[in-house]
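# An overview of the molecular structure
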Amino acid sequence: MRWNKLLLIFIFSTIIISINGEAAEPEQVHLATTGTPTEMVIQWGTEEDTSAFCPSDNIVEYGIDNENLNLSENGNNDMYLWTTCTHTTLLSNLNPNTTYYYRVGGEGEWSSVYSFKTLEKNPDKITIGAIADHGTSSNAQETTSNMENENLDLVIHPGDISYANGAGSGNGIGDQSVWDEYQNQIESLTSECPHMYAPGNHEEDAEPYGFDAYESRFFNPGQNSFWYSFDFEFIHFVSISSEHDYEPGSTQHTWLKNDLEDANNNRENYPWIVIFAHRPMYSSNGDGEGHGSEIEFREAMEGLLFDYQVDLAIWGHDHHYERTYPVFEENVYSNNSGNLDNPFYKPGATIHIVAGMAGRSTYDGLEEPQPLWSAYREVAYGYTLFEATETSINYKFIRNSDMQIADEFWLVNSIEIQEPEENPKINYNQTNQTEDSNLINQIKELNYLETPLSVIIIAITAIFNLKFRKK
Ligand SMILES: [Fe+2]
């Protein structure tokens, strides 16, 4: 009986292979990073006839002349229970500050020619985009097209990516073709700028899929797709999962503790730590069940963010934009305006961003009252980005409707702010020595007066709370 079954499987497989020998047209081209500036990961999809076999090639041809793609690299591929085959090919030994042209596929089918530009060696500034809760709506497409004009070096996406699983986590089998539609819609941006993801609840489909689509379609440099980290110029990025066990003692929690400990000891090389995941530790606008601040997640992991002084935490899940003051256990550590003349200077706690306004939908309004830890919030479609130097981060939320900067703040870690060269709004380069001195004095005041005072207040509050609870 067993042999009969094996024979049937063999015959069936042979038939499938024989009728599916043709390569398919490449689509869904997207880039990812290993963190190494001289490398680029190229990924793309091919729509195969079955989910059993992927006859399409994994070749990238590339070069610095778009009419002479004289270099070639081969990679590998992966499929899950869907007909999309994802190809992954790593390019290495790339020159800095160079535009590379490339096409993907193989002799059967080649894509058109795309391009990306490598970072210059030791850049003064990098620009990072951050969005979540994207989807395929016209608003989502507007966000993508606006981001294309920003010259982004990297995009991070803390989950709820395509909404192939429209029903939510594990409630039903989603339409996997939505992933293909989504990845084609964002190809113009993802083919020139690497994107790195964290899993959201809409990445989890009913069995037998689970997180298979997310795992199969996106590269990351970690041991699994759910928690990983990488260094990117001035920043140690950490992607974690609010959709998996995060309690103390869990594999993820232990991994995060070790990763953040190492990163905090490596500030000399990577002065900033930025973490991203889907469900927000701080959000004041939940719009119903299962939204708002993810208290269990916060209680399990916020201590690690505080102990190792994570600078920024970027979340999604709630469909608005929100930015907190530096906060730990709901205590505000510094309530600066965040302007360049009154920036956050080593505030002692993490600033949290909710960036779930990329396109899926927005909420009807804002829940009142606004908590003290919430510095700014707005319901509007748009995207966030931040410019980072060795000594400063300038974070912005830009709304789609008028392309204005709706919110902006500065976070600095040194009195010698390395201002980006091009900044038409602020023109810091035109300030004179006296103004520089004023800025430095202000920052000193922030650091040496405000932060210790707030710590004392928090300590007193904690002691009172403890006594109150005992009673
Ligand atoms: Fe979500």
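In what follows, the accompanying structure is described. These numbers come from a predicted model, not from an experiment.

What counts, and at which threshold
- Residues numbered from 1 in each chain as written.
- Predicted model: local features only at pLDDT ≥ 70, side-chain atom pairs only at ≥ 80, totals over all residues.
- Helix = DSSP H or I, 4+ residues; strand = E, 2+ residues; numbered from the N terminus.
- Buried ≥ 20, exposed ≤ 12 C-beta atoms within 10 Å, placed from the backbone.
- Contact = placed C-beta atoms within 7 Å.
- Expected span 1.5 Å × (residues − 1).
- Bend = angle between axes of the 7 residues up to and from the residue.
- Core = buried A, V, L, I, M, F, W, Y, C linked by C-beta atoms within 7 Å.

## Quick word on the overall build of the protein
Counting its secondary structure elements, the protein contains eight helices and 24 strands. Within the protein, the fraction of its 471 residues that count as buried is 44%. A sequence separation of at least 24 residues applies to 72% of the contacts in the protein between residues at least 6 apart.

## Structural notes on the environment of Leu 312
One can find Leu 312 in strand β15 (residues 312–315). Judged by the 24 C-beta atoms lying within 10 Å of it, Leu 312 falls in the buried class. Sequence-wise, Leu 312 and Ala 349 are 37 residues apart; in three dimensions their C-alpha atoms are separated by 9.0 Å. Non-local contacts of Leu 312, meaning those with residues more than four positions away in its chain, are made with Val 274, Thr 350, Ile 351, Ile 353 and Ile 393.

## Some remarks on helix α7 (residues 295–307)
Taking 1.5 Å as the rise per residue, α7 with 13 residues should run 18 Å; its terminal C-alpha atoms sit 18 Å apart, in good agreement. Taken as a whole, α7 carries its principal kink of about 45° at Met 301. Buried residues of α7: Phe 297, Ala 300, Met 301, Glu 302, Leu 304 and Leu 305, and no others. Turning to α7, the residues buried within the fold contact α6 (251–264), β14 (272–276), β15 and β17 (327–328).

## Digging into unusual backbone geometry
Residue Glu 207 is joined to Pro 208 through a cis peptide bond whose omega torsion reads 10°. Looking at the element boundaries, Pro 208 is found in the loop between β11 (195–197) and α5 (212–217). Looking along the chain, the bond that leaves Glu 368 and enters Pro 369 is cis, with omega of -5°. Inspection of the secondary structure puts Pro 369 in the loop between β20 (351–355) and β21 (374–378). Here Gln 28, not a glycine, exhibits a phi torsion of approximately 50°, which is positive.

## Some points on the nonpolar core
Formed by 105 residues in total, the largest nonpolar core has its most connected members in Ile 42, Ile 156, Ile 273, Val 274, Ile 275, Ile 314 and Ala 355. Discounting chain neighbours no more than four positions away, the residues touching Ile 314 are Ala 130, Ile 156, Pro 158, Val 274, Phe 276, Ile 353 and Ala 355.

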